[in-house]
Amino acid sequence: MDKEKTRILVVDDEEIVRDSLAGWLREDGYSVETAADGSSAVDRIKAESWAVLLVDLKMPGIDGLQVLEEARKLQPKASVIIMTAYATVDTAVQAIKMGAYDYLVKPFEPEELSLMMDKLITQQDLMRENILLKKALKQQYGFRDLLSKSPKMQAIFELAKVAGQSHSTILILGESGTGKEVLARAIHAESPRSTGPFVAVSCAALTETLLESELFGHEKGAFTGAILRKKGKFELAHGGTLFLDEIGDISQKLQLDLLRALEERRFYRVGGTDPIHVDARIIAATNRELKKAVEEATFRQDLYYRLNVISINLPPLRERKEDIPFLVDHFVDQLRAEMAKRVEGVSAEAMELLMAYHWPGNVRELRNVLERGAVVAKGPIIQCDDLGLPPSEGEAEPDSSDSLKEMERRHILRVLNEYHWNITRSAQILGIDRVTLYNKIKKYGLRPDDETSPSEE
Ligand SMILES: Nc1ncnc2c1ncn2[C@@H]1O[C@H](COP(=O)(O)OP(=O)(O)OP(=O)(O)O)[C@@H](O)[C@H]1O
Ligand SMILES: [Mg+2]
């Protein structure tokens, strides 16, 4: 970026320091303003956008650390350089932990400041470029808020876009945390009904009677407590989309009511006699295996067919491991923006652990694990221990006495068997290159007829 366009705010309570710093920086071609204390600095950070804040640590009233904290919240993109006297270098180190770019020990030479500024500006330029690249990537690999590089998910996004254009009912299946609700919202947002409401009902959260009145509404006096007439979610979704979440949990009676409403495209409020017609597109979702529930006769087959006009099956995260690094990067970016703390990424070992984990809670769990990691991490890089993950999870759970190597061996073998020893595919799933995979196969002496573990089917 042009130096004249790089806006710097110099904050120091000593006028001489302020003026000489501003002078040096202006000589270097930057656009510089000054503030004489912490509180006027905070006002200016609130009001204007800055590329760099050069802040004295010790000031009466609001000190440098407090200015830093505000700046991280208000303008996370601005870089903060802290100036300090020798005696307070410890605090300066703390400032770095709080997200300062660097610190300068007073007194310093103009060259020292110039060099630091050059480095910082180059880094900011790179970050800006990186952000643009990432944005392009997210557009390429995303569907609204859903991101994925996996071919399976890409196909789902295509299907969802097409399905969004129709009026058909959509059934979204997938384990908890795979993004069912986010997908439902994305479909709505991409549909011709996007200007209409998106109304979500969680069918598992309510008792049968409450859910019935929640869905269909009730007339005044329909039951004790029905003091006023109330519109149901069906009515509220008129012109838009009704999202029936956790549909696998509804009672037999409600299944029948719902079936009727869908078939006849009209329904009655509880206690009502006039049929109500609504125009709402239905998207239903569940993390249950609905087909199995139909086989076991706990879910009506006719309702299943009604809902299952277009069905979308979101694969669990463990079946699209290639998404893990991509999502980690995305969530780290999100966390950096949300937290008043510097988070830059995860260590190589932490990434290995994330790749090997079973993810029963899928993408939601991944985000939670990273959030926890970002909170407890001592530096900007999240380490293995920060994640709080068990060393291993899942069906082939090894004994706690198993070494990390044994877990790796089993995991690799399981993936290989699952993908019929297709090396390219398996390496992709494991997130390692083919040569590394060959080396591991050799190292562990794996063969195609090996079983993952004696107990596995
Ligand atoms: N592909 C993805 N890209 C980005 N974020 C995702 C993705 N999938 C899920 N998420 C995030 O994970 C979280 C969980 O997603 P969502 O609520 O849609 O899951 P769900 O399938 O409805 O889960 P449940 O069955 O538990 O209700 C959300 O915060 C969402 O932002
Ligand atoms: Mg959900």
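Residues numbered from 1 in each chain as written. Chains lettered and ligands numbered in written order. Predicted model: local features only at pLDDT ≥ 70, side-chain atom pairs only at ≥ 80, totals over all residues. Heavy atoms only, no water.

Engineer: Break down the side chain of H411 for me, citing the residues and quoting the values.
Structural biologist: For H411, the location among the structural elements is in helix α17 (residues 404-418). By relative accessible area, which is 14% here, H411 ends up buried. Contact partners of H411, with chain neighbours within four places excluded, come to K321, M355, A356 and L430. (Helix = DSSP H or I, 4+ residues; strand = E, 2+ residues; numbered from the N terminus. Buried < 20%, exposed > 50% of the residue type's maximum accessible area, 1.4 Å probe, protein only. Contact = heavy atoms within 4.5 Å.)

Engineer: I'd love a proper account of unusual backbone geometry, names of residues and values included.
Structural biologist: In the segment running from K106 into P107, the intervening peptide bond is cis, with an omega of -5 degrees. Relative to the helices and strands, P107 resides in the loop between β5 (102-106) and α5 (110-141). In this structure, R144 takes a positive phi of about 55 degrees despite not being glycine. By the element assignment, R144 lies in the loop between β6 (142-143) and β7 (146-147).

Engineer: Describe in detail the domain arrangement of the protein chain, supporting the description with residues and values.
Structural biologist: When the domains of the protein chain are assigned, the result is domain 1 (3-135), domain 2 (144-315) and domain 3 (318-387). Centre-to-centre, using C-alpha coordinates, domain 1 lies 29 Å away from domain 3. Both faces combined, the contact of domain 1 with domain 3 buries some 630 Å², and carbon together with sulfur accounts for 45% of it. The three residues of domain 1 that bury the most area against domain 3 are R72, K97 and K134, which together make up 59% of that side's buried surface. Applying the counting rule to domain 1 against domain 3 returns 2 salt bridges. The partner of K134 in a salt bridge is D333, and the shortest N-O contact between them spans 3.0 Å. Here domain 1 is connected to domain 3 by 3 residue pairs in polar contact (both at pLDDT 80 or more). For the side of domain 1 that touches domain 3, the secondary-structure elements that each account for two or more residues are α3 (64-74) and α4 (89-97). Of the residues that constitute the side of domain 1 that touches domain 3, the class distribution is 4 nonpolar, 1 polar and 4 charged. (Domains from an automatic or database assignment. Buried area = accessible area lost by both parts, 1.4 Å probe. Salt bridge = Lys/Arg side-chain N within 4 Å of Asp/Glu carboxyl O. Polar contact = N/O pair within 3.5 Å; in protein donor to acceptor, adjacent residues only side chain to side chain. Nonpolar A, V, L, I, M, F, W, Y, C, P; charged D, E, K, R; others polar.)

Engineer: I'd like a rundown of the sheet that holds strand β3 (residues 52-56), residues and numbers included.
Structural biologist: Across the sheet, 5 strands lie side by side as β2-β1-β3-β4-β5; this open sheet has parallel pairing. If you trace the sheet from one side to the other, it starts and ends with β2 (31-35) and β5, each paired once. Across this sheet, the average inter-strand angle for adjacent strands is 20 degrees, counted without regard to direction. Both strand β1 (residues 7-11) and β3 contribute to a ladder of 4 bridges, which runs parallel. The residue of β3 that forms the bridge with V10 is L54. (Pairing = 2+ DSSP bridges. Axes fitted to C-alpha atoms, helices over the stretch in contact; angles between N-to-C directions.)

Engineer: Explain the site of ligand 1 to me, using residue names and the numbers behind them.
Structural biologist: Ligand 1 sits among 16 residues. The nearest are L147, S176, G177, K180 and R364. Between ligand 1 and the protein, one listed contact pairs an oxygen atom with a side-chain N or O atom of K180 at 2.6 Å. Residue E181 places a main-chain N or O atom 3.0 Å away from an oxygen atom belonging to ligand 1. Out of a free accessible area of 640 Å², ligand 1 has 83% covered by protein chains. When contributions to the shell around ligand 1 are tallied by element, the ones reaching two or more residues are β7, α7 (180-190), α13 (323-338) and α15 (362-376). (Near = heavy atom within 4 Å. Areas by Shrake-Rupley, 256 points an atom, 1.4 Å probe, with all protein chains shown as cover.)

Engineer: Would you mind going over the pairing of β2 in detail, with residue names and values included?
Structural biologist: Judged from the 5 bridges that link them, β1 and β2 form a sheet pairing that is parallel. Paired with V10 across the strands is T34, a residue of β2. In the classification by handedness, the crossover that spans β1, the intervening helix α1 (residues 15-27) and the parallel β2 is right-handed. (Right-handed = clockwise from strand over helix to strand, strands pointing away.)

Engineer: Account for helix α6 (residues 151-165), naming residues and giving values.
Structural biologist: For α6, spanning 15 residues, the distance from its first C-alpha to its last is 22 Å, which sits close to the expected 21 Å at 1.5 Å a residue. All of the buried residues along α6 are M153, I156, F157, A160, A163 and G164. Across the axial projection of α6, the buried residues extend over an arc of 130 degrees, all falling on one side. Turned more than 90 degrees from where α6 packs its buried face, P151, V162 and Q165 sit exposed. (Expected span 1.5 Å × (residues − 1). Arc of directions from axis to C-beta.)

Engineer: Tell me what's going on with empty space enclosed by the protein, and back it up with residues and numbers.
Structural biologist: In total, this model carries 1 cavity of 30 Å³ or more according to the counting rule given. Estimates place the volume of the largest cavity at around 80 Å³. Around the largest cavity sit F234, A261, L262, R265, R266, F267, V278, A280 and I282, which together line it. If you list the elements that add at least two residues to the lining of the largest cavity, you get α10 (252-264) and β13 (266-267). The residue inventory of the lining of the largest cavity, partitioned by class, reads 7 nonpolar, no polar and 2 charged. (1 Å grid on protein atoms, 1.4 Å probe; cavity = no way out; pocket = protein on both sides within 12 Å on 5 of 7 lines; lining within 4 Å. Points joined across faces, edges and corners; volume = space filled by probe spheres on them.)

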